[in-house]
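# Coordinate analysis (summary)
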Amino acid sequence: MCLGIPVKIVEKKGSVGIGEIGGVKREVDLRLVNNVKVGDYVILHAGFAIQVLDEKEAEEMLSLLREVFERL
Amino acid sequence: MKYIDEYRDSKLCEKLASQIAKIAKGKYITLMEVCGTHTMSIARYGIKNLLPPNIQLLSGPGCPVCVTADADIDKAIAYAEKENIILTTFGDMMKVPGTFSSLSTEKSKGREIKVVYSAADALQLAISNPEKIVVFLGVGFETTIPTVAVSILDAKMNGIKNYYVLSMHKLIPPALRALLDDKEVCVDGFILPGHVSTIIGVEAYKVIPEEYGVACAITGFEPVDILQGILLLVKQIVYGKPRVENQYRRVVKEHGNPKAQRLIEEVFEPTDCEWRGLGVIPRSGLKIKDKYSDFDIEKKIKIKIQKRKKNTRCICGEILRGVKTPLDCTLFGKRCTPENPVGPCMVSSEGTCAAYYKYGFNSRAMQEEKL
Ligand code: SF4
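What counts as what
Residues numbered from 1 in each chain as written. Chains lettered and ligands numbered in written order. Predicted model: local features only at pLDDT ≥ 70, side-chain atom pairs only at ≥ 80, totals over all residues. Heavy atoms only, no water. UniProt positions renumbered as here; feature names shortened; annotations may be inferred. 1 Å grid on protein atoms, 1.4 Å probe; cavity = no way out; pocket = protein on both sides within 12 Å on 5 of 7 lines; lining within 4 Å. Points joined across faces, edges and corners; volume = space filled by probe spheres on them. Nonpolar A, V, L, I, M, F, W, Y, C, P; charged D, E, K, R; others polar. Pairing = 2+ DSSP bridges. Helix = DSSP H or I, 4+ residues; strand = E, 2+ residues; numbered from the N terminus. Axes fitted to C-alpha atoms, helices over the stretch in contact; angles between N-to-C directions. Contact = heavy atoms within 4.5 Å. Near = heavy atom within 4 Å. Core = buried A, V, L, I, M, F, W, Y, C linked by side-chain atoms within 4.5 Å. Buried < 20%, exposed > 50% of the residue type's maximum accessible area, 1.4 Å probe, protein only. Domains from an automatic or database assignment. Phe/Tyr/Trp six-rings, centres within 6.5 Å; stacked < 30°, edge-to-face > 60°. Expected span 1.5 Å × (residues − 1). Arc of directions from axis to C-beta. Polar contact = N/O pair within 3.5 Å; in protein donor to acceptor, adjacent residues only side chain to side chain. Right-handed = clockwise from strand over helix to strand, strands pointing away. Buried area = accessible area lost by both parts, 1.4 Å probe. Salt bridge = Lys/Arg side-chain N within 4 Å of Asp/Glu carboxyl O.

If you look chain A up in an unreviewed UniProt entry, it shows as HypC/HybG/HupF family hydrogenase formation chaperone from candidate division WOR-3 bacterium. We quote the UniProt Sequence similarities (unreviewed entry) comment for chain A here in full: "Belongs to the HupF/HypC family."

Now the structure itself:
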């Protein structure tokens, strides 16, 4: 029940955003997070963005894993 | 989809799995995934089949639907029976059996019970039905609780007088402590819930390695995430260095989401609460603060529920503590199926019995468990 999916914020009006996932658009309440910009990915849960996804962290983790395993 | 597909890379999964086997070196390790979403992902991606036989994965009490006690379902039904009340709930709660009935049975009898996607939708329903009392069944963990807090604050700000919450919310850290204090439960490490942690952060779990010596990894939900989380745990256990690691750093911050935490604190306060399988755990639930009692249905209409014993052979309680698996249940797959569920672990789409039923009756890990 704590399911949360990454959606891209494509529009923003005050604390209401429009998120897009797989071509489907829906409203996202942005009041639980700070400083969301259009283009950011957020984790959507029960209508709310509960966190902004850290894209740098996401990419670093994957490239680190790939690097480690290439050396093995 | 971005930030999903790349975490499903099967090559990376295989490499992680072989690294896990190499480091564990035949050592018998028991890990518990606490979150129902993890249970589902582990089953869906066949993670158990990728792991060496010496690593056992158990499911814990991390599905809010499954840990709701019979008496609480009875209470929700009692409210739904009242004149003039529309009870709103997440869909997963509909089929959960209470002592004698379920919300979906009551709905078919003509009670006004509606499935909503969020507490905000329930509030909208209250606004468009001013002559009715709309009650939202507040079930869920830290992930969901702030969204319910916002609905109460919105109702207050907009002067909505017919919106109420029945708060049955539960908190994960006290449940983990209760599990660790239970002598029957044996776990070496916890795969910690990613989205609960998004709200509460890393710090909330520090007592687990410090006081109990049990390994911890906050983990995301895709197969690469889960295998990497398991690798972190196996390393902590094999090297004897338990701590709280954060595999899901792209989403979980050290201090969680302080804004969401403040909203929870504004509206709710801790209270003792009963969990199916675990009994009453001190300060593991949340009730609405007096300040917001105008939105607390239990303050407006008092209902006393008598605890009654129900006799089924369902062992959900033991499954939720990780001391039994669905294969130990004589009803599993026979009298109890997702179409005709006997217990909540089969009802909930994230329940352990439902996961076992849906994915891989025949998987290797399950065959071995049977032996
Ligand atoms: S299989 Fe059904 S009856 Fe058995 S423990 Fe699971 S939910 Fe309960």
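## Digging into empty space enclosed by the protein
All names here are of chain B. Summed over all chains, the structure comprises four cavities of 30 Å³ or more. In this structure, the largest cavity encloses a volume near 80 Å³. Lining the largest cavity, in full, are Cys314, Ile315, Cys316, Ile319, Cys329, Leu331, Phe332, Cys336, Val342, Gly343, Met346 and Cys353. Within the lining of the largest cavity, the residues separate by chemical class into eleven nonpolar, one polar and no charged. In this structure, the second largest cavity occupies an estimated 60 Å³ of space.

## Quick look at the sheet that holds strand β8 (residues 215-219) of chain B
Residue and element names in this part refer to chain B. With parallel pairing, five strands are arranged side by side in an open sheet as β2-β1-β7-β8-β9. Only two strands of the sheet have a single partner each, and these edge strands are β2 (55-59) and β9 (244-246). On average, each strand axis in the sheet is inclined to that of its neighbour by 25°, with strand direction left out of account. With five bridges joining them, strand β1 (residues 29-33) and β2 adopt parallel strand pairing. From the neighbouring strand, Leu31 faces β2, where its bridge partner is Leu57. Helix α8 (residues 172-181) rests against β1 and β7 (189-193) of the sheet, and its axis sits at about 165° to β7.

## Remarks on the site of the ligand
Around the ligand, the structure places B:Cys314, B:Ile315, B:Cys316, B:Ile319, B:Cys329, B:Leu331, B:Phe332, B:Cys336, B:Val342, B:Gly343, B:Met346 and B:Cys353. For the shell around the ligand, the residue count by class is eleven nonpolar, one polar and no charged.

## So, the layout of surface pockets
Of the voids in this model, the largest pocket is the one considered here, and its volume is about 920 Å³. Together, 41 residues line the largest pocket, and A:Met1, A:Leu3, A:Gly4, B:Thr37 and B:Glu350 are the ones closest to its centre. Contributing elements (two or more residues each) for the lining of the largest pocket: β1 (5-13) and β4 (41-45) of chain A together with α2 (36-44), α15 (344-347) and α16 (352-358) of chain B. With four residues, the single largest contributor to the lining of the largest pocket is α2(B). Across the lining of the largest pocket, the residue classes tally to 22 nonpolar, nine polar and ten charged.

## Topic: the nonpolar core
Ranked by size, the top nonpolar core spans 140 residues in total, and within it B:Tyr163, B:Phe190, B:Ile230 and B:Phe268 carry the most contacts. Looking at which element gives the most residues to this core, the answer is helix α11 (residues 223-238) of chain B, with nine residues. No fewer than three residues from each of domain 1 (31-311) and domain 2 (316-358) of chain B sit in this core. In contact with B:Phe190, not counting residues within four places along its chain, are B:Met32, B:Val34, B:Leu176, B:Leu179, B:Leu180, B:Ile208, B:Val214, B:Ala215, B:Cys216, B:Ala217 and B:Leu233. A:Val7, A:Val33, A:Val36 and A:Val52 belong to the second-largest nonpolar core, a separate cluster that totals eleven residues.

## A look at the packing of aromatic side chains
In this structure the tally under the stated criterion is five aromatic pairs over all chains. An angle of 80° between the planes, with centres 4.9 Å apart, marks the rings of A:Tyr41 and B:Tyr3 as edge-to-face. You can see A:Tyr41 sitting in strand β4 and its partner B:Tyr3 sitting in the segment before α1 (10-24), one on each of two chains. Classification of A:Tyr41 by relative accessible area gives buried; the value is 11%. Arranged with centres 6.0 Å apart and planes meeting at 15°, the rings of B:Phe141 and B:Trp275 form a pair that is stacked. With B:Phe141 in the loop between β5 (133-138) and α7 (145-157) and B:Trp275 in strand β10 (residues 268-275), the pair connects residues that are 134 residues apart, well separated along the chain.

## Thoughts on helix α1 (residues 55-71) of chain A
When the terminal C-alpha atoms of α1(A) are compared, their 25 Å separation across 17 residues agrees well with the 24 Å that a helix rising 1.5 Å per residue should span. Listed as buried for α1(A) are A:Ala58, A:Met61, A:Leu62, A:Leu65 and A:Phe69. Along the long axis of α1(A), the arc covered by the buried residues comes to 90°, so they all point the same way. Among the exposed residues of α1(A), those pointing more than 90 degrees away from its buried face are A:Lys56, A:Leu64, A:Glu70 and A:Arg71. Residues of α1(A) that are buried in the fold lie against α1 and α11 of chain B. Two or three places before A:Lys56, at the start of α1(A), stands the capping residue A:Asp54, its side-chain oxygen 3.2 Å from that residue's backbone nitrogen.

## Here we look at the pairing of β5(B)
Residue and element names in this part refer to chain B. In terms of burial, β5 is largely enclosed, as six of its six residues are buried. By the alternation rule, side chains of β5 split into Ile133, Val135 and Leu137 and Val134, Phe136 and Gly138, which are all buried. Between the parallel pair β5 and strand β6 (residues 163-167), the chain is carried across by α7, and the sense of this crossover is right-handed.

## A word on the domain arrangement of chain B
Residues and elements named next belong to chain B. For chain B, the domain assignment lists domain 1 (31-311) and domain 2 (316-358). A straight line from the C-alpha centre of domain 1 to that of domain 2 covers 19 Å. Across the boundary between the two partners, domain 1 contributes 26 residues, which contact 22 residues of domain 2. Buried area between domain 1 and domain 2, both sides added, is near 2000 Å², and the carbon and sulfur share of it is 61%. The closest approach of N and O atoms between Asp182 and Arg321, which form a salt bridge, is 2.9 Å. Summed over the shared surface of domain 1 and domain 2, the result is five residue pairs in polar contact (both at pLDDT 80 or more). Sorting the residues of the side of domain 1 that touches domain 2 by element identifies α2 and β2 as the ones contributing at least two each. Sort the elements by how many residues they give to the side of domain 1 that touches domain 2 and α2 lands first, with five residues. In the side of domain 1 that touches domain 2, the residues fall into 14 nonpolar, six polar and six charged.

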